[in-house]
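# Coordinate inspection notes
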Amino acid sequence: MATKTKTGLAAIILTITSFLFVLISFCTPYWLVGDVNRVNQNFERLGLWQVCFKKFQDFRHQYDFQFTGCWWIFEEEYYIIQDFLLPGFFIATQFFLTLCMTLLLIAAFLTWLYCFCSRHHDKYMLLLLSVGTDLVIAGACGLVGVCIFGAFGDSRDWMPNWKTNGLGWSFAFACIGSLGLLPAGALFLVEARRCRYRNLRESQVASQYSMEMRKPSHTDI
């Protein structure tokens, strides 16, 4: 790994930490959780891609089938209640978190390149600008997603037993990870600015040295 400044090292650590928080929240089904100790609790927990019911029967449909267990949210068995499972705000949450995760995967690759890239490389500043901008956009997308879910996820119009439902630790991880991406991106952008000034200063020194070398000496006259 090439030598990095304290700002660069802090950016790397913060990026890795935020990436892990977002990844865990993206994959775990604890965005919304119900009170498992409550009698007749039909809803257990929900993630971006999985939902768990216990003898749940949607009263808005005329059938006697009860949903029990944890299933992929796009499972064929859930087709008859897709309009209930996937309201507009939840689809928006999935979209923004998926976009955040995609940008994070790109940022992870760019951060890996940064770890082994010398600051004297021609594309070093471009790399810093790219990863910094990518992280800021990813953080903004993540925050939009968690804000949407936080506003509507535990409302009375969605999952049953809404009074005993609450936002879970997966949602908290998404909030922490998304917030952490913003300062991580900012640190990379700060490092890019410092690199630009350093390059300008080195260019000025080199130019001044070149001019001094071209001056005729007294012995040449």
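Residues numbered from 1 in each chain as written. Predicted model: local features only at pLDDT ≥ 70, side-chain atom pairs only at ≥ 80, totals over all residues. Heavy atoms only, no water.

### Remarks on the state of the cysteines
This is how the line gets drawn: Defined by distance alone, a disulfide is two cysteine sulfur atoms within 2.5 Å. Secondary structure counts use DSSP, requiring at least four H or I residues in a row for a helix and at least two E residues in a row for a strand, with both numbered from the N terminus. Using a 1.4 Å probe on the protein chains alone, a residue whose accessible area is under 20% of its type maximum counts as buried, one over 50% counts as exposed, and one in between counts as partly exposed.
Evaluated as defined, the whole model comprises 1 disulfide. A disulfide bridge connects Cys52 with Cys70, and the sulfur atoms are separated by 2.0 Å. Here Cys52 and Cys70 share a disulfide; its torsion about the S-S bond, 115 degrees, makes the bridge right-handed. Residue Cys52 is located in strand β3 (residues 50-56), and its partner Cys70 is located in strand β4 (residues 67-72); the two are separated by 18 residues in the primary sequence. Exposure remark for Cys70: the relative accessible area of 35% places this residue in the partly exposed category.

### Overview of the nonpolar core
Using the following cut-off: Definition of nonpolar core: a set of buried residues of the types Ala, Val, Leu, Ile, Met, Phe, Trp, Tyr and Cys, connected through side-chain atoms within 4.5 Å.
Ranked by size, the top nonpolar core spans 52 residues in total, and within it Leu46, Phe53, Leu85 and Met159 carry the most contacts. It is helix α3 (residues 88-115) that contributes the most residues to this core, 11 residues altogether.

### Some thoughts on a nonpolar patch on the surface
Note the threshold: Residues enter patches when their relative accessible area tops 30% and they take part in no salt bridge; the joining distance is 9 Å for like charges and 5 Å for the nonpolar side chains Val, Leu, Ile, Met, Phe, Trp and Tyr. Here the Shrake-Rupley method, with its probe set to 1.4 Å, supplies the accessible areas, and only the displayed protein chains count as covering residues. Any Lys or Arg side-chain nitrogen found within 4 Å of a carboxyl oxygen on Asp or Glu counts as a salt bridge.
Taken together, Ile16, Leu20, Leu23, Ile24 and Trp169 make up a surface patch of nonpolar side chains, about 420 Å² in accessible area. Looking at the nonpolar patch, the element that brings in the most residues is helix α1 (residues 6-27), giving 4 residues. By the element assignment, Trp169 lies in helix α5 (residues 169-214). Owing to a relative accessible area of 39%, Trp169 belongs among the partly exposed residues under this scheme.

### Focus: the UniProt feature "transmembrane region" (unreviewed entry) in the chain
Selection rule: UniProt positions are given in the numbering used here, feature names are shortened, and annotations may be inferred rather than shown by experiment.
Here the UniProt-annotated "transmembrane region" (unreviewed entry) positions come out as residues 7-32, 89-114, 126-151 and 171-190. The span residues 7-32 shows a helical share of 81% and a strand share of 4%, and its end C-alpha atoms are spaced 36 Å apart. The span residues 171-190 carries 100% helix and 0% strand; its end-to-end C-alpha distance comes to 30 Å.

### With respect to the sheet that holds β4
How we decide: Paired strands, in this sense, are two strands between which DSSP finds at least two bridges.
Across the sheet, which stays open at both edges, the 5 strands sit in the order β4-β3-β2-β1-β5 with antiparallel pairing between neighbours. Of all the strands in the sheet, the pair left with one neighbour each is β4 and β5 (166-167). In this sheet, β4 lies alongside β3 in antiparallel orientation, the contact comprising 5 bridges. Bridged to Gln50 within β4 is Trp72.

### Quick word on the pattern of salt bridges
Scanning all chains against the criterion turns up 1 salt bridge. One salt bridge connects Glu191 with Arg194, and the closest N-O pair in it is separated by 4.0 Å. Remark: Arg194 and Glu191 occur in helix α5; sequence separation between them is 3 residues, near one turn of the helix. By relative accessible area, which is 2% here, Glu191 ends up buried. Look at Arg194 and you get partly exposed, because its relative accessible area is 40%.

### Points about the pairing of strand β2 (residues 43-46)
The pairing of strand β1 (residues 32-33) with β2 spans 2 bridges and is classified as antiparallel. Bridge pairing links Leu32 to Leu46 in β2. Pairing of β2 with β3 involves 3 bridges; the strand directions are antiparallel. Within β3, the residue paired with Leu46 across the bridge is Val51. Hairpin connection, β2 to β3: the antiparallel pair is bridged by 3 residues.

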